[in-house]
Amino acid sequence: MITDQNALCVDVEYVINANGTKTILVVGTDLQLDPAEIDFDKAAVDALCFDLERHRGSIPYVEAIRLVRRRPGSAESTMLSGTLGEHRIRTNL
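All of these numbers come straight from a predicted model, not from anything done at the bench. (Residues numbered from 1 in each chain as written. Predicted model: local features only at pLDDT ≥ 70, side-chain atom pairs only at ≥ 80, totals over all residues. Heavy atoms only, no water.)

Participant: Teacher, can you tell me more about the sheet that holds strand β1 (residues 9–17) here?
Facilitator: Remark on secondary structure: sheet strands pair via backbone hydrogen bonds, oriented parallel or antiparallel. Across the sheet, three strands lie side by side as β1-β2-β3; this open sheet has mixed pairing. The open sheet is flanked by β1 and β3 (64–69), the only strands paired with a single partner. Averaged over all pairs of adjacent strands, the angle between their axes in this sheet comes to 30°, without regard to strand direction. In the packing of helix α1 (residues 42–58) onto the sheet, contacts are made with β2 (20–29) and β3, and the angle to β3 comes to roughly 145°. (Pairing = 2+ DSSP bridges. Helix = DSSP H or I, 4+ residues; strand = E, 2+ residues; numbered from the N terminus. Axes fitted to C-alpha atoms, helices over the stretch in contact; angles between N-to-C directions. Contact = heavy atoms within 4.5 Å.)

Participant: Would you mind showing me how to read α1 here?
Facilitator: The first and last C-alpha atoms of α1 sit 25 Å apart over 17 residues, in line with the 24 Å expected at 1.5 Å per residue. Along α1, the positions that sit buried rather than exposed are A44, V45, L48, D51, L52 and H55. Angular distribution of buried residues about the axis of α1 spans 130°; they occupy a single face of the element. Residues K42, A43, F50 and G57 are exposed on α1 and point more than 90 degrees away from its buried face. (Expected span 1.5 Å × (residues − 1). Buried < 20%, exposed > 50% of the residue type's maximum accessible area, 1.4 Å probe, protein only. Arc of directions from axis to C-beta.)

Participant: How should I be thinking about the nonpolar core in this particular structure?
Facilitator: If you look at soluble globular proteins, the nonpolar side chains tend to sit buried side by side. Formed by A7, L25, V27, L31, A44, V45, L48, L52, I59 and V62, the largest nonpolar core amounts to 10 residues. Among the elements that line this core, the one with the most residues is α1, at four residues. Excluding residues that lie within four positions of it along the chain, A7 makes contacts with I2, V27, G28 and L48. (Core = buried A, V, L, I, M, F, W, Y, C linked by side-chain atoms within 4.5 Å.)

Participant: Can you walk me through the environment of D39 in this structure?
Facilitator: Checked against the element boundaries, D39 lands in the loop between β2 and α1. Owing to a relative accessible area of 47%, D39 belongs among the partly exposed residues under this scheme. Setting aside chain neighbours within four positions, we find D39 in contact with Q32 and R69. In this structure the side chain of D39 is engaged in a polar contact, spanning 3.3 Å, whose partner is the side chain of Q32. (Polar contact = N/O pair within 3.5 Å; in protein donor to acceptor, adjacent residues only side chain to side chain.)

Participant: Looking at this structure, how should I read the pattern of salt bridges?
Facilitator: Pairs may arise between side chains of opposite charge once their charged atoms sit close together. On inspection of all chains with the given rule, the structure shows five salt bridges. Its salt-bridge partner being R70, residue D30 comes within 3.3 Å of it at the nearest N-O pair. With D30 in the loop between β2 and α1 and R70 in the loop between β3 and β4 (79–84), this pair connects stretches of sequence that are 40 residues apart. Between K42 and D46 there is a salt bridge; the shortest N-O distance is 2.7 Å. Of the two residues, K42 and D46 are both situated in helix α1; the distance of four residues between them amounts to about one turn of the helix. (Salt bridge = Lys/Arg side-chain N within 4 Å of Asp/Glu carboxyl O.)

In structure tokens form, the structure reads like this:
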């Protein structure tokens, strides 16, 4: 399980080529990932990477992790609606 609070979103990506399929865990963060930038926090990035590597060790089908900077979304709010069993769900994201 990923426990670092800087891991904001997780997705799975498959790379398919002549050698087969590779499963990549893509993790989004708000941390600055470019060491040349003034707001780069090496300790926070290292802690996130350590946590992600520990998590990768617990799921054998993931062959790599890609850490990406999460881009700001649109200013519009997004509504999620649906059902959970007999209960209607409607919430702003």
